[in-house]
Amino acid sequence: MIDTFNNTIQEILNLTWPMLVISSVVLISVRVSYLIKNKEKIVIYKELLMYAFIIYTLCLFQIVTFQDDVSFGTNNFIPFKEILRYNMGSRLFFKNVIGNMILFLPFGFFISLYLKEEKANLPLLIILITSFSIEAVQMIIGRVFDIDDILLNLVGGYLGYLVYYFLKKIWDKIPNVLKNEWILNAIALIILIIIITII
């Protein structure tokens, strides 16, 4: 499972790195210029969260519209038909079932974070609309519409909401002294360095 996950991450990086580099240069230069021009304070952890959401969204777009990954199957409008086709624990199961859930976990987290939602209703509605849009576009560009992907995206998005919900509960119990902007900025930079090192 770990090898499959690592291979999938490597495939995504190989596919998206040109877009990541160009987008990062544009995003960072425009954002920093905006903050300096308007004499606004740069809060590193907030900027990194916003940057992560934008980059995640761009990667999601790249992954779901990449033409070399065209499926020659047929559209699936029957729930669980494709999910039940894979053997539990197989490479295809992890790639297509677990992968579709993991793909939308960050989306559920970011949507909940920016909406500051206590309940899952609105984040799930946005996840449903987004996932349905992806499947409809995939059908138009020569891939296939799969209702199971929408269901798996909803599960992944809901898991993302749960991550946000539990982190918020922990956050509410942290003493205010530890919520200092400098501490949060330092933690954000450490996480960024770890991610860059791993990649």
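Summary of the structure given here. Residue positions are counted from 1 within each chain, in the order its sequence is given. Side-chain atom pairs in this predicted model are given and counted only at pLDDT of 80 or more, local residue features only at pLDDT of at least 70, and totals for whole chains, interfaces and linings cover all residues. Side-chain measures were taken over the full set of non-hydrogen atoms in the model, leaving aside hydrogen atoms and water.

**Focus on the pattern of salt bridges**
A pair is scored as a salt bridge if a Lys or Arg side-chain nitrogen falls within 4 Å of a carboxyl oxygen belonging to Asp or Glu. According to the stated counting rule, one finds five salt bridges in the structure shown. Note that arginine 31 and glutamate 47 form a salt bridge whose closest N and O atoms lie 2.8 Å from each other. A residue pair is termed long-range when its members are at least 10 positions apart, and arginine 31 in helix α1 (residues 2-37) and glutamate 47 in helix α2 (residues 44-65) qualify at 16 residues. Each residue gets one of three labels from its accessible area relative to the maximum for its type: buried under 20%, exposed over 50%, partly exposed in between, using a 1.4 Å probe on protein chains only. Under the relative-accessibility criterion, arginine 31 is labelled partly exposed at 28%. Of the charged contacts, one joins aspartate 172 and lysine 168 as a salt bridge, the two residues approaching to 3.3 Å between their closest N and O atoms. Taken together, the residues aspartate 172 and lysine 168, both in helix α5 (residues 147-173) and four residues apart, mark about one turn of the helix. Under the relative-accessibility criterion, lysine 168 is labelled partly exposed at 25%. What you see here is one network of salt bridges that share partners, running through Glu118, Lys168 and Asp172. We count a stretch as a helix when DSSP gives it H or I for four or more residues in a row; a strand needs E for two or more, and each element gets its number in order from the N terminus.

**Things to note about the side chain of asparagine 153**
Examined against the element boundaries, asparagine 153 turns out to sit in helix α5. Side chain to side chain, asparagine 153 and serine 131 meet in a polar contact 2.7 Å long. Here a polar contact is taken to be a pair of N or O atoms separated by no more than 3.5 Å, where protein atoms must pair a possible hydrogen donor with a possible acceptor and residues adjacent in sequence count only if both atoms sit in side chains.

**Let's talk about the nonpolar core**
Side-chain atoms within 4.5 Å are what join buried Ala, Val, Leu, Ile, Met, Phe, Trp, Tyr and Cys residues into a set we call a nonpolar core. Within the largest apolar cluster, 14 residues are counted, with the highest numbers of intra-cluster contacts made by Phe53, Tyr56, Leu60, Phe104 and Phe107. Taken together, the elements giving at least two residues each to this core come down to α2, α3 (91-115) and α4 (121-140). For this core, the element with the highest residue contribution is α3, accounting for seven residues. Whether two residues touch is decided by their heavy atoms; if any such pair falls within 4.5 Å, the residues are in contact. In this view, phenylalanine 53 contacts Phe107, Phe110, Ile111 and Tyr114; residues no more than four positions away in its chain are not counted. Formed by eight residues, the second largest nonpolar core is a distinct cluster that contains Ile83, Phe94, Ile98 and Leu152.

**Some points on α2**
A helix is expected to span 1.5 Å for every residue after the first. Between its first and last C-alpha atoms α2 spans 31 Å; for 22 residues at 1.5 Å apiece the expected length is 32 Å, and the two agree. Among all positions of α2, only Glu47, Phe53, Ile55, Tyr56, Cys59, Leu60 and Val64 are buried.

**Focus: the environment of isoleucine 9**
Along the chain, the position of isoleucine 9 falls in helix α1. Look at isoleucine 9 and you get partly exposed, because its relative accessible area is 36%. Separated by 20 residues in sequence, isoleucine 9 and serine 29 have C-alpha atoms that sit 27 Å apart.

**Brief notes about the packing of aromatic side chains**
When we look at a pair of aromatic rings, we describe it by the centre distance and by the angle of the planes. In summary, the pairing rule links any two rings of Phe, Tyr or Trp, Trp by its six-membered ring, whose centres are within 6.5 Å, and it sorts them by plane angle into stacked for under 30 degrees, edge-to-face for over 60 and tilted for everything else. Per the counting criterion, the structure on display carries 13 aromatic pairs. For the pair phenylalanine 53 and phenylalanine 110, a centre-to-centre distance of 5.1 Å together with 45 degrees between the ring planes defines the contact as tilted. Highlighted residues: phenylalanine 53 in helix α2 and phenylalanine 110 in helix α3, separated in sequence by 57 residues. Residue classification places phenylalanine 110 among the buried positions, given a relative accessible area of 8%. On the numbers, 5.6 Å between centres and 40 degrees between planes, the contact of phenylalanine 53 with tyrosine 114 is tilted. Of this pair, phenylalanine 53 sits in helix α2 while tyrosine 114 sits in helix α3, and the two are 61 residues apart along the sequence.

**Here's the deal with the packing of α3 against α5**
With their axes 6 Å apart at the nearest point, α3 and α5 run at an angle of 45 degrees to one another. With respect to α5, the axis of α3 lies oblique. Crossing handedness for the pair α3 and α5: right-handed. For the pair formed by α3 and α5, the contact residues are Asn96, Val97, Asn100, Met101, Phe104, Leu105, Gly108, Phe109, Ser112 and Leu113 on the first element and Asp149, Leu152, Asn153, Val155, Gly156, Gly157, Leu159, Gly160, Tyr161, Val163, Tyr164 and Leu167 on the second. The residue inventory of the contact of α3 with α5, partitioned by class, reads 13 nonpolar, eight polar and one charged. Interaxial angle, 0 to 180 degrees, is taken between N-to-C directions of lines fitted to C-alpha atoms, where a helix line uses only the stretch in contact. Throughout this description, any angle smaller than 35 degrees is read as roughly parallel, any larger than 145 degrees as roughly antiparallel, any in the 65 to 115 degree range as roughly perpendicular, and the remainder as oblique. In this scheme the handedness of a crossing depends on how the near helix is turned from the far one: anticlockwise by less than a right angle means left-handed, clockwise means right-handed. Note on residue classes: Ala, Val, Leu, Ile, Met, Phe, Trp, Tyr, Cys and Pro are nonpolar, Asp, Glu, Lys and Arg are charged, and everything else, Gly too, is polar.

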